[in-house]
Every structure is written in C-alpha cells, then in structure tokens.
Amino acid sequence: MTGPRVDGVETAVFTVPTDAPEGDATLAWESTTLVLARVRSAGATGIGYTYGAPATALVIDQQLSAVVVGRPVWDVPAANEAMNRAVRNTGRPGLVAGALSALDIALWDLKARLLGLPLVALLGACRAGVPVYGSGGFTTYDAERQDRQLREWVAGQGIPRAKIKIGESWGTAPDRDLHRVARARRSVGDAAELYVDANGGYTRKQAIRLARHLDDHGVTWFEEPVSSDDLTGLAQISAATAPDVAAGEYGYTLSYFGHMLQAGAVDCLQADATRCGGITVWLRAAALAEAAGVQISGHCAPHLHAHPAAAVPNLRHLEWFHDHVRIENLLFDGVLDPGGGSVHPGTSGEAGHGLTLREDRAEAYRTG
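Values in this document were obtained by computation on a predicted structure and should not be read as measured data. (Residues numbered from 1 in each chain as written. Predicted model: local features only at pLDDT ≥ 70, side-chain atom pairs only at ≥ 80, totals over all residues. Heavy atoms only, no water.)

Section: the overall build of the protein
Formally: A run of DSSP states H or I qualifies as a helix once it reaches four residues; a run of E qualifies as a strand once it reaches two. Both are numbered from the N-terminal end. Values of the radius of gyration come from C-alpha atoms, whereas the globule rule sets the reference at 2.2 Å times the count of residues to the power 0.38. Exposure categories follow from relative accessible area, calculated using a 1.4 Å probe and restricted to protein chains: below 20% of the type maximum is buried, above 50% is exposed, and the middle band is partly exposed. Contacts: residue pairs with any heavy atoms within 4.5 Å of one another.
Helix and strand content of the protein: 14 helices and 14 strands. The C-alpha radius of gyration of the protein comes to 20 Å, within 12% of the 21 Å expected for a compact globule of 368 residues. Principal-axis analysis of the C-alpha atoms places the extent of the protein at approximately 60 × 40 × 35 Å. Here the protein holds 368 residues, and 58% of them are scored as buried. Within the protein, contacts between residues separated by at least 24 positions form 71% of all contacts whose residues are at least 6 apart in sequence.

Some remarks on the packing of helix 7 (residues 174-188) against helix 8 (residues 204-216)
Let me state the cut-off plainly: Helix axes are fitted to C-alpha atoms over the stretch in contact, other axes to C-alpha atoms as well, and angles between N-to-C directions run from 0 to 180 degrees. What sets the label is the angle itself: under 35 degrees gives roughly parallel, over 145 gives roughly antiparallel, 65 to 115 gives roughly perpendicular, and the rest give oblique. Throughout, a crossing is termed right-handed when the near helix is turned clockwise from the far one, and left-handed when it is turned anticlockwise from it by less than a right angle. Only Asp, Glu, Lys and Arg are considered charged, only Ala, Val, Leu, Ile, Met, Phe, Trp, Tyr, Cys and Pro nonpolar, and every remaining residue, Gly among them, polar.
For the pair helix 7 and helix 8, the least separation of the axes is 10 Å and the interaxial angle reads 20°. Judged on the interaxial angle alone, helix 8 and helix 7 are roughly parallel. Two packed elements cross with a definite hand, and for helix 7 against helix 8 that hand is right-handed. Along its contact with helix 7, which presents Pro174, Leu178 and Val181, the element helix 8 presents Leu210, His213 and Leu214. The residue makeup of the contact of helix 7 with helix 8, split by class, is 5 nonpolar, 1 polar and no charged.

Quick notes on the layout of surface pockets
Put simply, the rule reads: A cavity here means a set of points on a 1 Å grid, drawn over the protein atoms and nothing else, where a 1.4 Å probe fits but cannot get out; a pocket is an open set with protein on both sides within 12 Å along at least five of seven lines, and a residue lines either one if it has an atom within 4 Å of a point. Grid points are joined across faces, edges and corners, and a volume is the space filled by probe spheres set on the points.
For the largest pocket, the calculated volume is near 800 Å³. Lining the largest pocket are 34 residues, with Leu27, Tyr51, Glu249, Tyr250 and Arg275 sitting closest to its centre. Of all elements in the fold, only strand 2 (28-41), strand 3 (44-51), helix 3 (95-115) and helix 13 (322-331) reach the threshold of two or more residues within the lining of the largest pocket. Looking at the lining of the largest pocket element by element, the count peaks at 4 residues for strand 2. Its residues placed into classes, the lining of the largest pocket shows 10 nonpolar, 16 polar and 8 charged. Ranked by residues supplied to the lining of the second largest pocket, first place goes to helix 5 (residues 143-156) with 5 residues.

A short note on the packing of aromatic side chains
What counts here: Pairing of aromatic side chains here covers Phe, Tyr and the six-membered ring of Trp, requires ring centres within 6.5 Å, and sorts the geometry by plane angle: under 30 degrees stacked, over 60 edge-to-face, intermediate tilted. Cation placement over rings: the criterion is NZ of Lys or CZ of Arg within 6 Å of the ring centroid and within 35° of the ring normal.
Applying the stated criterion to the full structure yields 10 aromatic pairs. Ring plane angle 80° and centroid distance 5.8 Å describe the contact between Tyr49 and Tyr51, whose orientation is recorded as edge-to-face. Judged by its relative accessible area of 12%, Tyr51 is buried. Both rings, one in Phe138 and one in Phe321, keep their centres 5.9 Å apart while their planes meet at 80°; by these two values the pair is edge-to-face. Of this pair, Phe138 sits in the loop between strand 4 (130-135) and helix 5 while Phe321 sits in strand 11 (residues 315-321), and the two are 183 residues apart along the sequence. The class of Phe138 is buried, set by a relative accessible area of 0%. Its relative accessible area of 6% is what places Phe321 among the buried residues. One aromatic cluster is present, formed by Trp29, Phe138, Tyr141 and Phe321 through successive ring pairs. We note Arg145 situated over the ring of Tyr141; from NZ or CZ to the ring centre the distance is 5.2 Å.

Here you go:
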C-alpha cells in the first residue's frame, strides 16, 4: 500500500509522586509511572502511553519497535495484529499488553495527525459529550480529605457522579467502609450518583451482605466486589444485589471480555485502552458489549479514552481518575475540561487526541 510509513519509535518513562498516600482494598502506592511511546512518520509524531512498570518501555524498545517500523501508517489494525503475534511466546497479558496498547494508541494519534483530523473525527463520533465520573476516595484518605475531594467534583466542577474505594484491607474493615459510604453520600448530596469500588477485596457472600447497606445510601455502581477473575462470583452478586456490578479493567485480551459477557458477570463492562490492546481492541470490546446488550465504561487514563469513548453508541461514562488526571494535567498540554460532568473531545480542532508532551515539566519526572 502506498502512503507514509512509520519511521521510528521512541519511549520515555516518567514517575510522578502522588499528592498524598493512596490505597484501595488490596494495594497502596505513593507514586505512579507513565510509560510513553512516540511513533514518527513524515515529520509528524503520534504519542500514546500506559500506566505500569518501567520495564514496559523495554518491551516496546526490544520487541515491538521493529514490528512497527516500516509499516504503513494507515493500517493500524494490521500493526496491532502483527504486534500481537510477535509477543505470543513472551506472554501477552500484563506489561506486554500495556506496551502493545501504548504503541497502538500512538499509531492512531499519528494517523489522525497526518490527516489533520481530531481522532474522534477519524473514528466517527456518536456523541459530542462524554460523561465522566470523579474517581478517587482512597481508603488512605481521612474524612476531611475525602469530603473535600468529593465536594470539588460535585459542587466545584459540576460532575454529578463520584466514586470512592472500599473493601479496605482485603475486606477486613467493613464498618469503616460503610461509615465512609455514609459520609460520601452526605458530601455529594442526594442528587449525585454515588459509586464504590472494592478492587476485589470482598468474598462473595460478604459483598452481597454489604450491598444491602450500599443500597440504603443510593449506591448504583459496585465495582469489582470480588476478584474480576471470579466470573461466577460476579454473576451471583449481580443477580442478588441492586447496584450495577462492573468489572473488566484487567482485561488484556478481547477473549477476556467475551468470557466475562458470556458469564453474565457484569451489568456494565469496563475496558482500559492502555491495557487491553489499545484503541483498536477497546473499540472491539465496546462492540462485544453492545451485542450483549451491555454498556461500556472507560477505565482511567481519561484523556486517551475520550475520543474512542465518543465514537461508541453504548458508552455509559469515563472514569475521571484523580491520580491520572493530575499526572496528565501536569505532563501534557491539550487536556480536557470536565466542568458540567462531560468532556468534549475534538472541539479544539487539534489533530489526533490533542495531547502534547510538556517537555520542560516532564523532564523533572523522567526515570527512563
């Protein structure tokens, strides 16, 4: 095929400290690492990234770069398939999938930039606005910090949806979980939607028991009440409780989402383009969900999800995750405004996903 070809691939690693200790049901952290991929062609550069281990950059440099260089820029799905085949013996799930995803996103960005189109225009828009929900409320927060964060989203920015973490210490602090949910409802008021995320910290029956109390506070979204690998448990909890059960953020392959949907495990499918295989596979996951009569929600990395999220008819919303929003606002120009509860990708007219690395700021956080 005629047309421009990929000339080169570069990576960079940035590690940004959190603004306070963060934790959920099963993990705690004090920094977050962003692995950036850049692809070049005909004087243009496309960028993509994933959040994960620094070794992700080595996968791009040592295994995937040679697969992508020389390929036609227009044929992003073909490049995705070639990368997928190249890592067969390496083991695709985990950081390898993150590496593939970052490159796929960069390739879509490059294609749109060469065409002079916002990425949403290249993909084809289904909607002008993408609803977002505020996400944070870490188990490490005290009452005052949780209240301040929730009020900033709902009252300050007009986002009518907010989520906190529960399932503290592998589900061993249910009383504190419920107290925090009650306080969260007071913080957001009666009109806002309230969500919770247990990050797989509960047992099946424990989650069902707790869900009755969550319903008392109007919680409508119960994310990963048990491990996302426990499809039977997720389905049982979904059938027995009022809040919608959601999971899927750890899906690294399209077949993972197929199994989850076939099991009836979720009321809303989550997928993360920075893990599942990039925009190419995220769009396919959305189509699988639509065929099953299920909506999809974009997990984290909001500025990379906004454009493909606007291109699917069965979107519920996009996670406006505190940690990633802070990092993306710090490292990039071209970030979006969630005021009023939605972002509007492409309205600036900038080509691609519209993000440009702020080299001056980013250098202080570069670790690879």
